[in-house]
Amino acid sequence: MILRYEHGELVEQRTYREALCLEADVSPVLSIVGAGGKTTTALHLAQEFVNAKIAVAVTTSTHMQIETEPWFLLEESMEKLREILEREKQVWFGIPEPLKEPGGVRKMRMVSSPFFRKVCALQIPVIIEADGARRMSCKVPGEHEPVLFPETTGVLAVYGLDAVGKSIQEHCFRPEKVAEVLKKQQSDCLEAEDIVTLAMDKRGGRKGVSEDQNYWIILNKADNKKRIEIAKYICEKISERERLCILVTSHTSEGVQT
């Protein structure tokens, strides 16, 4: 489910590309920040390009989990990158990190800037997971986050609606920074108004976003009617302050629950 907030209503969209007005953009460079669904968003967005027969590259400017899919490239080889794009129509690339624990999750880190620029020079869509959150649903970036490449044309800030009504300490990454921005205690609950603040604040979702880059907000995990109502309230409050593109999404296999 992908909904876009338009004139006080949540309007269903076919794709992220439609919702973000990307269908005419040949080579957007999209950085995904925040928490509560960055990788899921990247997966769905990449698949949309593949479905449209458009080759797409996905990478990280921090760290990302390595999967066993045939479209992963774990070295800086333009020859192999082109081969994977030709075969799979998508490539997820990075440099593998050594395993910290036996049997642990394998992760990859960002490639060198020269190699990244070579990928951008292919004039294809590039999607970047530009923030870490350790699977939490909400966050405020640290001192050196997010890592936004200069080539970035748009930033998608993701927030998990499941964090609303839950304690900052237990459901937010970098809870001390979240509490600082919100002027709350870490033991306090995160409210809908707090998502508005975090999404709009330049210490939050807008950190590092320049005036020439698009800024979109994604309210993810709208998995039931109550969360959709919360999302609409957040959309209304944000729109009172500034006109922004806001999406409300859910990717549960069962669909939105009552």
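Basis of the calculations
- Residues numbered from 1 in each chain as written.
- Predicted model: local features only at pLDDT ≥ 70, side-chain atom pairs only at ≥ 80, totals over all residues.
- Heavy atoms only, no water.
- Helix = DSSP H or I, 4+ residues; strand = E, 2+ residues; numbered from the N terminus.
- Rg over C-alpha atoms; globule rule 2.2 N^0.38 Å.
- Buried < 20%, exposed > 50% of the residue type's maximum accessible area, 1.4 Å probe, protein only.
- Pairing = 2+ DSSP bridges.
- Right-handed = clockwise from strand over helix to strand, strands pointing away.
- Salt bridge = Lys/Arg side-chain N within 4 Å of Asp/Glu carboxyl O.

Draft legend 1. Geometry of the overall build of the protein. On a plain count of helices and strands, the protein comes out with 8 helices and 15 strands. Taken over C-alpha atoms, the radius of gyration comes to 18 Å for the protein, in line with the 18 Å a tight globule of 258 residues would show. With the C-alpha coordinates aligned to their principal axes, the bounding extent of the protein is approximately 50 × 40 × 40 Å. The buried share of the protein, reckoned over its 258 residues, is 53%.

Draft legend 2. Fine view of the pairing of strand S15 (residues 245-249). Taking burial as the measure, the 5 residues of S15 include 5 buried ones, the bulk of the element. Across 3 bridges, strand S1 (residues 2-6) lies against S15 in antiparallel orientation. By the bridge assignment, isoleucine 2 is partnered in S15 with threonine 249. Following the backbone out of strand S14 (residues 214-220), through helix H8 (residues 225-241) and into the adjacent parallel S15, one traces a crossover that is right-handed.

Draft legend 3. Spotlight on the pairing of strand S3 (residues 29-34). Burial analysis of S3 places 6 of its 6 residues in the buried class, which makes it a mostly covered element. Residues of S3 alternate between two faces, with Val29, Ser31 and Val33 on one and Leu30, Ile32 and Gly34 on the opposite face, all of them buried. For S3 and strand S10 (residues 126-129), the ladder comprises 4 bridges, and the chain directions are parallel. Within the sheet, the bridge partner assigned to leucine 30 lies in S10 and is isoleucine 127. By the bridge criterion, 5 bridges tie S3 to strand S12 (residues 154-160) in an arrangement that is parallel. Following the sheet pairing, valine 33 is matched in S12 by alanine 157.

Draft legend 4. Representation of the pattern of salt bridges within the structure. Overall, the coordinates contain 17 salt bridges when judged by the stated rule. The shortest N-O distance in the salt bridge between glutamate 143 and lysine 177 comes to 3.1 Å. In this pair, glutamate 143 sits in the loop between strand S11 (138-139) and S12 while lysine 177 sits in helix H6 (residues 175-182), placing the two residues 34 residues apart along the sequence. For lysine 177, a relative accessible area of 19% corresponds to the buried category. The residue aspartate 201 makes a salt bridge to arginine 203 at a minimum N-O spacing of 3.1 Å. Residues joined by salt bridges that share partners form a network here, namely Asp131, Lys139, Glu145 and Arg174.

Geometric descriptors of this kind do not, in isolation, establish any biological role.
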